[in-house]
Amino acid sequence: MDYLFKTDRLIIQKIDSENDILDLLEIYKNKDNLKYLNNSDFEWSLNNLKLKLLLYRKLYKVGLGIYLARLKENNQIVAEVSFFDSFDNIKTPEIGYIIDKKYWNNKFGTEIVTAMVTYLIQDLKVNSIYARMNIENLASNKICKTLGFIEIEKIKLENNITRQTLLLKA
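Nothing here was measured: the structure is a model prediction, and the numbers come from that model. (Residues numbered from 1 in each chain as written. Predicted model: local features only at pLDDT ≥ 70, side-chain atom pairs only at ≥ 80, totals over all residues. Heavy atoms only, no water.)

Undergrad: If you had to explain the overall build of the protein to someone new, which residues and values would you point to?
TA: Across its full length, the protein holds 4 helices and 8 strands. The C-alpha atoms of the protein give 15 Å as radius of gyration, which agrees with the globular expectation for 170 residues (15 Å, within 12%). With 170 residues in all, the protein has 46% of them scored as buried. Put simply, 58% of the contacts in the protein that link residues at least 6 apart link residues at least 24 apart. Summed over its atoms, the accessible surface of the protein is roughly 9200 Å², and 49% of this surface lies on carbon and sulfur atoms. For the protein, the distance from the average position of its 25 positive side-chain charges to the average position of its 22 negative side-chain charges is 4 Å. (Helix = DSSP H or I, 4+ residues; strand = E, 2+ residues; numbered from the N terminus. Rg over C-alpha atoms; globule rule 2.2 N^0.38 Å. Buried < 20%, exposed > 50% of the residue type's maximum accessible area, 1.4 Å probe, protein only. Contact = heavy atoms within 4.5 Å. Areas by Shrake-Rupley, 256 points an atom, 1.4 Å probe, with all protein chains shown as cover. Lys, Arg positive; Asp, Glu negative; His and termini not counted. Charge placed at Lys NZ, Arg CZ, Asp CG, Glu CD.)

Okay, here's the thing in structure tokens:
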């Protein structure tokens, strides 16, 4: 199995099979899982998800892209783990994640974000890390601020969501 990194309970790996995509689609189809995303009302299909993954697959060669977080104990998918080049600079990536609701309130968010930050700083030697989220996503906000991210911007989006941008200097 080709993996990016491991945590105490998880393996973060590339999406490399049709079954991986189908499993991830199940996370996307549950509206609760996406409720804090800007496009949470989007209807995901297998084709839409494949197109999204194809777009981000090119980032694998630089250590970024969209990955899966699987439980070590049983290989179940817990979350999508994402590293984006939102600012067209791989030394200032944006992080994101979507945890399947059945795994909420188990500290997976903290485990994932801590490992993402460690990976980006130690392995990719980034300059800074961005995290953008819906202001109502209190859990992600708390995780990031606990890890040292600071708020640098709040903007109201056209869908009436307030998006917060946080930054961690490496």
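Undergrad: I'd like to hear about the pairing of strand 3 (residues 65-71), residue by residue, with values.
TA: For strand 3, a buried count of 7 out of 7 residues is recorded, marking the element as mostly surrounded by other parts of the structure. Pairing between strand 2 (residues 10-14) and strand 3: 5 bridges, direction antiparallel. The residue of strand 3 that forms the bridge with Leu-10 is Leu-71. Direction of pairing for strand 3 relative to strand 4 (residues 77-84): antiparallel, over a ladder of 6 bridges. What sits directly across from Ala-69, in strand 4, is Ala-79. Between strand 3 and strand 4, which follow one another and run antiparallel, lie 5 residues, and Asn-75 among them has a positive phi close to 70°. (Pairing = 2+ DSSP bridges.)

Undergrad: Which residues make up the nonpolar core, and what values do they have?
TA: With 49 residues, the main nonpolar core has Phe-83, Ile-95, Ile-112, Leu-120 and Phe-149 as its most contacted residues. Looking at this core element by element, the count peaks at 8 residues for helix 3 (residues 108-123). For Leu-120, the contacting residues outside a window of four places in its chain are Leu-64, Phe-83, Pro-93, Ile-95, Lys-125, Val-126 and Ile-129. (Core = buried A, V, L, I, M, F, W, Y, C linked by side-chain atoms within 4.5 Å.)

Undergrad: Any details on unusual backbone geometry? Residues and values, ideally.
TA: Residue Lys-107 is not a glycine yet carries a positive backbone phi of 70°. Mapped onto the fold, Lys-107 is located in the loop between strand 5 (94-99) and helix 3. Of note in the backbone geometry, Asn-160 takes a positive phi value of approximately 70° without being a glycine. Among the structural elements, Asn-160 can be located in the loop between strand 7 (150-156) and strand 8 (162-169).

Undergrad: How would you explain the packing of aromatic side chains if you had to name every residue and give the values?
TA: Under the counting rule described, the total for this entry stands at 10 aromatic pairs. Each ring, one from Phe-87 and one from Tyr-130, has its centre 4.2 Å from the other, and the planes form 40°; the classification is tilted. Taken together, the residues span a long stretch of sequence, with Phe-87 in the loop between strand 4 and strand 5 and Tyr-130 in strand 6 (residues 128-134) at a distance of 43 residues. Judged by its relative accessible area of 33%, Phe-87 falls in the partly exposed class. Judged by its relative accessible area of 17%, Tyr-130 falls in the buried class. Ring plane angle 85° and centroid distance 6.0 Å describe the contact between Tyr-103 and Phe-108, whose orientation is recorded as edge-to-face. Across this residue pair, the class does not change: Tyr-103 and Phe-108 are buried. Through a chain of ring-to-ring contacts, three or more aromatic side chains come together here, namely Phe-5, Tyr-60, Tyr-67, Phe-83 and Tyr-119. Here the basic side chain of Lys-6 rests over the ring of Tyr-3, its NZ or CZ set 4.6 Å away from the ring centre. (Phe/Tyr/Trp six-rings, centres within 6.5 Å; stacked < 30°, edge-to-face > 60°. Lys NZ or Arg CZ within 6 Å of the ring centre and 35° of its normal.)

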